[in-house]
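Architecture at a glance
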2 protein chains.
Amino acid sequence: MKFYDCLTAPSPRRVRMFINEKKLKIETINLDLRKSEQMEKWFSDINPRNTVPTFVTREGNILFHSLSICIYLEEVFEEINLLGKTAEEKGIIINSINDIESNLFSAIADCLRNSSKAMENRAITGPDNFEQIPELAERGRARVKSYFNVLENHLSEKSFMCIDRFTAADIWAFVAVDFTRAIKEPIPNELGALKFWYSEISKRDSAELNL
Amino acid sequence: MKFYDCLTAPSPRRVRMFINEKKLKIETINLDLRKSEQMEKWFSDINPRNTVPTFVTREGNILFHSLSICIYLEEVFEEINLLGKTAEEKGIIINSINDIESNLFSAIADCLRNSSKAMENRAITGPDNFEQIPELAERGRARVKSYFNVLENHLSEKSFMCIDRFTAADIWAFVAVDFTRAIKEPIPNELGALKFWYSEISKRDSAELNL
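Residues numbered from 1 in each chain as written. Chains lettered and ligands numbered in written order. Predicted model: local features only at pLDDT ≥ 70, side-chain atom pairs only at ≥ 80, totals over all residues.

**A closer look at the relation of the copies chain A and chain B**
What counts here: Superposing the copies works by least squares over the C-alpha atoms of residues that have pLDDT at least 70 in both of them. Contact between two residues is assigned whenever their backbone-derived C-beta positions fall within 7 Å.
Mapping chain A onto chain B calls for a screw motion: a turn of 180 degrees about the axis and a shift of 0.0 Å along it, with 0.0 Å RMSD after fitting. These values place the two chain copies in the arrangement generated by a two-fold rotation axis. Within chain A, Leu 136 of chain A has its C-alpha nearest the rotation axis, a separation of 3.8 Å. Same-surface contact between copies: 100% of interface residues of chain A are shared with the interface of chain B.

**Remarks on the interface of chain A and chain B**
It is common to give the size of an interface as the accessible area that goes away when the parts come together. Test applied: Runs of E in the DSSP output that reach at least two residues are strands. Runs of H or I that reach at least four are helices, and both are numbered from the N terminus. For this classification, the nonpolar set comprises Ala, Val, Leu, Ile, Met, Phe, Trp, Tyr, Cys and Pro, the charged set comprises Asp, Glu, Lys and Arg, and every other residue, Gly included, is treated as polar.
If you look at the interface, chain A gives 30 residues, while chain B gives 30 residues. Listing elements by their share of the side of chain A that touches chain B, those giving two or more residues are helix H3 (66–76), helix H4 (87–113) and helix H5 (134–155) of chain A. If you tally residues by element for the side of chain A that touches chain B, the top one is H4 of chain A, at nine residues. Grouping the amino acids of the side of chain A that touches chain B by side-chain chemistry returns 13 nonpolar, eight polar and nine charged.

**Some points on the sheet that holds strand S2 (residues 27–30) of chain B**
All names here are of chain B. Going by this rule: Should DSSP find at least two bridges between two strands, the strands are regarded as paired.
Spatially, S2-S1-S3-S4 is the arrangement adopted by the four strands of the open sheet, whose pairing is mixed. Among the strands making up the open sheet, the edge pair consists of S2 and strand S4 (62–63). When strand S3 (residues 54–56) meets S4, the two strands line up antiparallel, connected through two bridges. Note on S4: the bridge partner recorded for Phe 55 is Leu 63.

**Quick notes on the packing of H3 of chain A against helix H4 (residues 87–113) of chain B**
When two helices pack together, you describe them by how their axes are tilted relative to each other and by the distance separating the axes. For clarity, the cut-off: Axis definition: a line fit to C-alpha positions, over the contact stretch in the case of helices; interaxial angles, taken between N-to-C directions, run 0 to 180 degrees. Here the word oblique covers every angle except those under 35 degrees (roughly parallel), over 145 (roughly antiparallel) and from 65 to 115 (roughly perpendicular). The sense of a crossing depends on the near helix, which, turned anticlockwise from the far helix by less than a right angle, makes the crossing left-handed and, turned clockwise, makes it right-handed.
Their axes nearest at 8 Å, the elements H3 of chain A and H4 of chain B cross at an angle of 165 degrees. When the interaxial angle is binned, H3 of chain A and H4 of chain B end up roughly antiparallel. Like other packed secondary-structure pairs, H3 of chain A and H4 of chain B cross with a definite hand, here right-handed. Facing Leu 67, Ser 68, Ile 71, Tyr 72, Glu 75 and Val 76 of chain A of H3 of chain A, the residues of H4 of chain B in contact are Ala 87, Lys 90, Gly 91, Ile 94, Asn 95 and Asn 98 of chain B. Along the lines of polarity and charge, the residues of the contact of H3 of chain A with H4 of chain B split into six nonpolar, four polar and two charged.

**Overview of the environment of Glu 59 of chain A**
All names here are of chain A. Put simply, the test is: Field definition: a residue is buried when 20 or more other C-beta atoms are found within 10 Å of its C-beta, exposed when 12 or fewer are, and partly exposed for counts in between, with C-beta atoms placed from the backbone.
With respect to the element layout, Glu 59 can be found in the loop between strand S3 (54–56) and strand S4 (62–63). The exposed category is assigned to Glu 59, around which 11 C-beta atoms lie within 10 Å. Between the alpha carbons of Glu 59 and Met 1 there is a distance of 8.5 Å; along the sequence they are 58 residues apart.

**Digging into helix H1 (residues 10–21) of chain A**
Residue and element names in this part refer to chain A. Selection rule: Expected helix span is taken as 1.5 Å per residue step, with the number of steps being one fewer than the number of residues.
Helix length check: H1 (12 residues) gives 16 Å between terminal C-alpha atoms against 16 Å at 1.5 Å per residue, within 8%. Summarising burial for H1: 10 of the 12 residues are buried, a large majority. For H1, the full list of buried residues reads Pro 10, Ser 11, Pro 12, Arg 13, Arg 14, Val 15, Arg 16, Met 17, Phe 18 and Ile 19. Elements in contact with the buried residues of H1: strand S1 (2–5), H3 and helix H6 (168–179).

**A word on the nonpolar core**
Note the cut-off: Buried Ala, Val, Leu, Ile, Met, Phe, Trp, Tyr and Cys residues whose C-beta atoms connect them within 7 Å together make up a nonpolar core.
One finds Ile 108 and Ala 176 of chain A together with Ile 108 and Ala 176 of chain B to be the most contacted residues of the largest nonpolar core, which totals 102 residues. Setting aside anything within four residues of it in sequence, one finds Ala 176 of chain A in contact with Ile 100, Leu 104, Phe 105 and Ile 108 of chain A. Counting eight residues, the second largest nonpolar core, distinct from the first, contains Ala 123, Ile 133 and Leu 136 of chain A together with Ile 124 of chain B.

**Describing the sheet that holds S1 of chain A**
All names here are of chain A. Ordered by their spatial adjacency, four strands build an open sheet running S2-S1-S3-S4, and the pairing between neighbours is mixed. The sheet terminates laterally at strand S2 (27–30) and S4, the two strands that pair on one side only. Two elements, S1 and S3, share three bridges in a ladder whose sense is antiparallel. For Phe 3, the partnering residue across the bridge sits in S3 and is Phe 55.

Set out below in structure tokens:
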């Protein structure tokens with residue numbers, strides 16, 4: 001197995017945290033996205049979509065979305081369950097993950113990729129170039145603020161995102177919430193439950209993001 | 001179990017097709033989104049996010065993303081496997097699903113929700129209102145055209161999206177490709193493999209979308 005990672009990007013960070021939480025040792029190659037290494041030919045030959053994370057499975061299949069990589073790893077390495085043991089647990093953990101990706105993470109990415117100087121013409125990941133849309137950056141920021149409240153309600157009576165223990169949903173939520181640093185949108189002080197959960201999860205984080 | 005469906009929306013259609021392919025009988029309630037039934041109080045009380053699909057599990061948990069619902073159903077009803085039997089199969093099927101959602105389906109939704117008259121002020125699903133961004137509609141259309149080529153390459157040597165049989169990845173891809181009718185962006189004639197796969201999958205479709 002081989003994991004193509006990047007220390008400055010949030011999506012591969014989920015996989016890195018997942019691997020660390022499961023105490024796995026996987027061969028890891030770091031790409032420098034600031035030098036556009038993901039666009040180089042040797043990497044296009046592995047993943048023509050030019051995105052990280054990229055993961056090569058035992059049988060040589062290529063996975064390039066963090067959820068599919070984590071589901072694969074959970075199937076191969078059952079110890080330290082992070083994606084649920086029962087149908088009910090699996091359902092609510094995946095539901096949280098889907099929700100964070102489509103309503104929080106995508107909003108942060110919309111904001112960052114459509115406003116950052118470094119991402120001019122790179123508003124969408126992958127081989128094609130797309131121009132930035134400034135209104136989309138604003139809309140993304142508004143959606144982030146709104147989703148902070150969703151998380152606050154969700155965490156107000158819980159220690160973890162889904163069930164009574166740390167799961168992949170906490171990884172997804174933590175990586176997204178922490179990534180709001182990139183758009184300078186901190187958790188509002190009045191959201192005490194979200195702030196407390198964030199500081200608790202920070203303590204176990206072994207997969208830092210270099211911004 | 002209870003499934004809140006809608007015959008005019010693509011996301012619940014995936015669940016409907018999944019249920020039909022697995023030959024399950026699940027109590028189903030249809031919502032009329034054109035009458036904004038998803039915003040009514042009785043439904044907010046079930047799913048405060050006001051989205052379909054919404055699914056109530058055996059233990060009363062609420063799932064509101066099509067992938068989490070299908071993963072739950074596959075765990076409860078093992079017969080007629082649609083999400084993979086081995087780690088390798090699961091990995092590549094989920095990877096396809098993630099990819100179609102983030103690179104094709106979201107592009108179609110961007111295009112439709114940011115251009116349709118009926119969706120003025122409703123550019124994002126859920127309880128908050130967001131104004132349309134016309135440039136995002138254009139960008140969505142460009143991404144759809146680009147992804148048609150990804151699918152064509154992918155299907156040029158295969159009968160199905162992932163492995164040698166029909167899986168949930170075919171459901172996700174079919175529902176997305178068929179949904180391009182809503183933005184009047186047909187499959188280009190020269191993409192023979194994609195057109196052939198689409199017509200083959202159409203034959204087994206028992207979960208029509210009323211546009």
